[in-house]
Amino acid sequence: MANDKKLVEAITSMDVDFAQWYTDVVKKAELCDYASVKGCMVIKPAGYAIWENIQHELDRRFKETGVQNVYMPLFIPESLLDKEKDHVEGFAPEAAWVTVGGNEQLQERLCVRPTSETLFCDFYSRDIHSYRDLPRVYNQWCSVVRWEKTTRPFLRSREFLWQEGHTAHATAEEAEARTIQMLNVYADFCEEVLAIPVVRGRKTDKEKFAGAEATYTIESLMHDGKALQSGTSHNFGDGFAKAYGIQYAAKDNSLKYVFQTSWGMTTRMIGAIIMVHGDDNGLVLPPRIAPTQVMIVPIQQKKEGVLDKAFEIKEVLSNFRVKVDDSDKSPGWKFSESEMRGIPVRVEIGPRDIENNEAVLVRRDTHEKITVSIDNIAAEVEKLLDTIQHDMLEKARAHRDSHTYEATDFDSFVKTINEKPGFVKAMWCGCQECEDKIKEVTGATSRCIPFKQEQLSDKCVCCGKPATKMVYWGRAY
């Protein structure tokens, strides 16, 4: 077994070099590869299958709230982008431009969409006429381009996949309700499907989306103690509507502006799954998102009846996403490969097991082995997958909670940020100057103002003036 393990390339220990460990896992679990286009990636079948499961589960949840899918163009005319000043300034540093079409210089530059607010606004200005047309609750699945200087697979790339929802409402109250509703859809999805616990809250004005009235976020904590913004939901108020002339005739025939929201989640969640759950053997996938939930490994498969029994068990487990590894590799290699790919449950079946009408179930998350009767294997696998899903969330929650600290003065805040990777909860006066100073001194940013507020002290951790909010701070991806 020890020799077999060496056949699957070793990966760097996460405690030795977390960044290298992450890169090793991404490449050796064959999730993605580097592309000839600098800063972009090729998402391979194993990685794309995870994204398909994310899409499927999110899309189902969206549609339960009345969302309909549409598709907008890839290009945004510069004049369209310029209509909302804060928005264009926020995205200008990351914008990629098309200036030539065929052999001709374009009369107007086209921006390759970094996000599609302006396209939706332009469309809504023509599509919405009356109160009867509202609400509009649309979403699109697409890719966007942001010219990032520093890139890392899944976490930050120049082109990435995501969904972006864009809604229009008759009242400010409806827009705010939708903004919070979609944030909760994201939070429940992360916890129930990805087994990633999140902190729900509001971004500070400095950190909010360009052009938004308010940005709400879910923040998760990676194994190395860095935060990851895992999903955002924005309330635009009527600012975009006024910039783009999106009006509707109310019941009293008066013209009113709509109120809008936008919300998105991206392929960076694959990076989150890796960094929250992975270990030194590779990926550890929560059962509900795993493309393959069960891998059956026949032992001594050339012996009569072994492969037949493996495929017989596969049929019994047909309610799950299940495969049989009938390749000519050694069992040890197959075990290591199954672990590297994060498959939640491995079923081992050999001649002696068949003789005893038994099979061995191996948990990927704990490596625990359980011997079960083949007669009860479907029920046992179902129970085990549910247990793994539950335990992975609880383990991640325990890690987050044990790496969440409190600070009531600046010295202890700086010391904690520098010495204890994780979230730091601290009071804040609401001034951007303090936010800027904290980032300058520690490299930490405000992650969110949590909905669940705590009164840790009366004073701002930075300036000592009266505090108005408790904030989660941390270094982030």
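Everything that follows concerns the structure shown earlier in this document.
Definitions and cut-offs
Residues numbered from 1 in each chain as written. Predicted model: local features only at pLDDT ≥ 70, side-chain atom pairs only at ≥ 80, totals over all residues. Heavy atoms only, no water. Helix = DSSP H or I, 4+ residues; strand = E, 2+ residues; numbered from the N terminus. Rg over C-alpha atoms; globule rule 2.2 N^0.38 Å. Buried < 20%, exposed > 50% of the residue type's maximum accessible area, 1.4 Å probe, protein only. Contact = heavy atoms within 4.5 Å. Areas by Shrake-Rupley, 256 points an atom, 1.4 Å probe, with all protein chains shown as cover. Lys, Arg positive; Asp, Glu negative; His and termini not counted. Charge placed at Lys NZ, Arg CZ, Asp CG, Glu CD. Salt bridge = Lys/Arg side-chain N within 4 Å of Asp/Glu carboxyl O. Pairing = 2+ DSSP bridges. Axes fitted to C-alpha atoms, helices over the stretch in contact; angles between N-to-C directions. Core = buried A, V, L, I, M, F, W, Y, C linked by side-chain atoms within 4.5 Å. Phe/Tyr/Trp six-rings, centres within 6.5 Å; stacked < 30°, edge-to-face > 60°. Lys NZ or Arg CZ within 6 Å of the ring centre and 35° of its normal. Parallel < 35°, antiparallel > 145°, perpendicular 65-115°, else oblique. Left-handed = near helix turned anticlockwise from the far one by under 90°. Nonpolar A, V, L, I, M, F, W, Y, C, P; charged D, E, K, R; others polar. Patch = residues over 30% accessible without salt bridge, like charges linked within 9 Å, V, L, I, M, F, W, Y side chains within 5 Å.

**Q** Sorry if this is basic, but what is going on with the overall build of the protein here?
**A** Assigned secondary structure in the protein consists of 15 helices and 23 strands. Against the 2.2 N^0.38 benchmark of 23 Å for 477 residues, the protein shows a C-alpha radius of gyration of 25 Å, consistent with a compact globule. In terms of overall dimensions, the protein has C-alpha extents of about 80 × 55 × 50 Å along its principal axes. Out of the 477 residues belonging to the protein, those deemed buried represent 54%. Partitioning the intrachain contacts of the protein with sequence separation of at least 6 by distance along the chain shows that 68% fall at a separation of at least 24. If you sum the accessible surface of the protein, you get close to 21,700 Å²; carbon and sulfur atoms cover 47% of it. Placing the 62 positive and 73 negative side-chain charges of the protein at their respective mean positions leaves the two points 2 Å apart.

**Q** What's the story with the pattern of salt bridges in this structure? I'm lost.
**A** Side chains bearing opposite charge may pair, as long as their charged atoms lie close to each other. According to the stated counting rule, one finds 31 salt bridges in the structure shown. Two residues, glutamate 191 and arginine 397, come together in a salt bridge whose shortest N-O distance is 3.9 Å. Residue glutamate 191 is found in helix 7 (residues 172-192), and its partner arginine 397 is found in helix 13 (residues 377-402); the two are separated by 206 residues along the sequence. Taking the relative accessible area as the measure of exposure, glutamate 191 reaches 17% and is therefore buried. Two residues, arginine 346 and glutamate 348, come together in a salt bridge whose shortest N-O distance is 2.9 Å.

**Q** Whenever I open this one, the sheet that holds strand 5 (residues 96-101) confuses me. Can you help?
**A** Through backbone hydrogen bonds, the strands of a sheet pair up, either in parallel or in antiparallel fashion. Spatial ordering of the open sheet is given by 4-6-5, a layout of three strands whose pairing is antiparallel. Two strands bound the open sheet, and with one partner strand each, they are strand 4 (75-77) and strand 5. Strand-to-strand, the axes of this sheet are offset by a mean angle of 45°, without reference to chain direction. Sheet analysis places strand 4 next to strand 6 (residues 104-112), joined by three bridges and oriented antiparallel. Looking at the pairing, isoleucine 76 lines up with cysteine 111 of strand 6.

**Q** What am I meant to see in unusual backbone geometry here?
**A** Only a minority of non-glycine residues have a phi that is not negative, and only a minority of peptide bonds are not trans. Geometrically, the link from leucine 134 to proline 135 is a cis peptide bond, its omega value of -5° lying close to zero. We note that glutamate 30 has phi near 55°; this positive angle belongs to a residue other than glycine. Within the secondary structure, glutamate 30 is located in the loop between helix 2 (18-28) and strand 1 (32-34). Unusually for a residue other than glycine, alanine 195 sits at a positive phi of about 60°. Inspection of the secondary structure puts alanine 195 in the loop between helix 7 and strand 9 (199-202).

**Q** I'm lost on the nonpolar core in this one. Help?
**A** Note that soluble globular proteins tend to have their nonpolar side chains buried in a common cluster. Grouped together as the largest cluster of nonpolar side chains are 53 residues, with contacts concentrated most on Ile54, Phe62, Phe154, Leu194 and Ile274. Those elements that provide at least two residues to this core are helix 2, helix 3 (45-64), strand 7 (136-145), helix 7, strand 10 (214-221), strand 14 (259-266) and helix 9 (268-277). Core analysis: the second largest hydrophobic core is formed by 26 residues, Phe120, Cys121, Tyr244 and Val258 among them.

**Q** For this particular structure, what's the right way to read the packing of aromatic side chains?
**A** Two aromatic rings are characterised by how far apart their centres lie and by the angle between their planes. Counted according to the given criterion, the structure contains 18 aromatic pairs. Through a chain of ring-to-ring contacts, three or more aromatic side chains come together here, namely Trp51, Phe62, Trp141, Tyr186 and Trp263. The positively charged end of arginine 346 is found above the aromatic ring belonging to phenylalanine 335, 4.2 Å away from the centroid. A cation over an aromatic ring shows up here: lysine 437 above the ring of phenylalanine 410, its NZ or CZ 4.9 Å from the ring centre.

**Q** What is the right way to look at the pairing of strand 7 in this model?
**A** If a strand is regular, its side chains alternate between the two faces of the sheet. Buried residues dominate strand 7, accounting for ten of its ten residues. Burial along strand 7 is two-sided: the face carrying Arg136, Tyr138, Gln140, Cys142 and Val144 and the face carrying Val137, Asn139, Trp141, Ser143 and Val145 are both buried. Bridging between strand 3 (residues 68-69) and strand 7 involves two bridges; their strand directions are parallel. Within strand 7, the residue paired with glutamine 68 across the bridge is tyrosine 138. As defined by bridge partners, strand 7 adjoins strand 8 (residues 159-169) across ten bridges and the pair is classed as antiparallel. Within strand 8, the position partnered with tryptophan 141 by the bridge is glutamine 163.

**Q** I keep staring at the packing of helix 14 (residues 410-419) against helix 15 (residues 432-442) and nothing clicks. Help me out?
**A** If you want to describe how two helices pack, look at the angle between their axes and the distance between the axes. Two elements in contact, helix 14 and helix 15, have axes whose closest approach is 10 Å; the angle formed by their N-to-C orientations is 45°. Here helix 15 runs oblique to helix 14, going by the angle between their axes. With respect to the hand of their crossing, helix 14 and helix 15 are arranged in right-handed fashion. Here helix 14 contributes Phe410, Phe413, Val414 and Ile417 to the contact with helix 15, which in turn contributes Lys437, Ile438, Val441 and Thr442. Its residues placed into classes, the contact of helix 14 with helix 15 shows six nonpolar, one polar and one charged.

**Q** Would you mind showing me how to read the sheet that holds strand 19 (residues 369-373) here?
**A** Strand order in this open sheet of five strands is 16-15-17-18-19, and the pairing throughout is mixed. The open sheet has two edge strands with one neighbour each: strand 16 (322-324) and strand 19. The average angle at which neighbouring strand axes cross in this sheet is 25°, direction not considered. Those strands touched by helix 10 (residues 306-316) are strand 15 (294-298), strand 16 and strand 17 (345-349), and its axis lies near 165° from that of strand 15.

**Q** Would you mind showing me how to read the environment of glutamate 148 here?
**A** Tracing the chain through its elements places glutamate 148 in the loop between strand 7 and strand 8. Residue classification places glutamate 148 among the buried positions, given a relative accessible area of 13%. Spatially, the C-alpha atom of glutamate 148 lies 19 Å from that of glutamine 163, the residues being 15 residues apart in sequence. Once you skip the residues sitting within four places of it in the chain, glutamate 148 turns out to touch Glu94, Arg156, Ser157 and Arg158.

**Q** Looking at this structure, I do not really get the pairing of strand 23 (residues 469-474). What am I missing?
**A** Counting buried residues in strand 23 gives five out of six residues, a clear majority hidden from the surface. With five bridges joining them, strand 21 (residues 423-428) and strand 23 adopt antiparallel strand pairing. Bridging from a neighbouring strand, alanine 426 pairs with valine 471 of strand 23. Direction of pairing for strand 22 (residues 445-450) relative to strand 23: antiparallel, over a ladder of three bridges. Residue pairing across strands places serine 446 opposite tryptophan 473, the latter belonging to strand 23.

**Q** What is the right way to look at a nonpolar patch on the surface in this model?
**A** Together, Tyr71, Leu74 and Phe75 make up a nonpolar patch on the protein surface, roughly 290 Å² of accessible area in all. With respect to the secondary-structure elements, phenylalanine 75 resides in strand 4.

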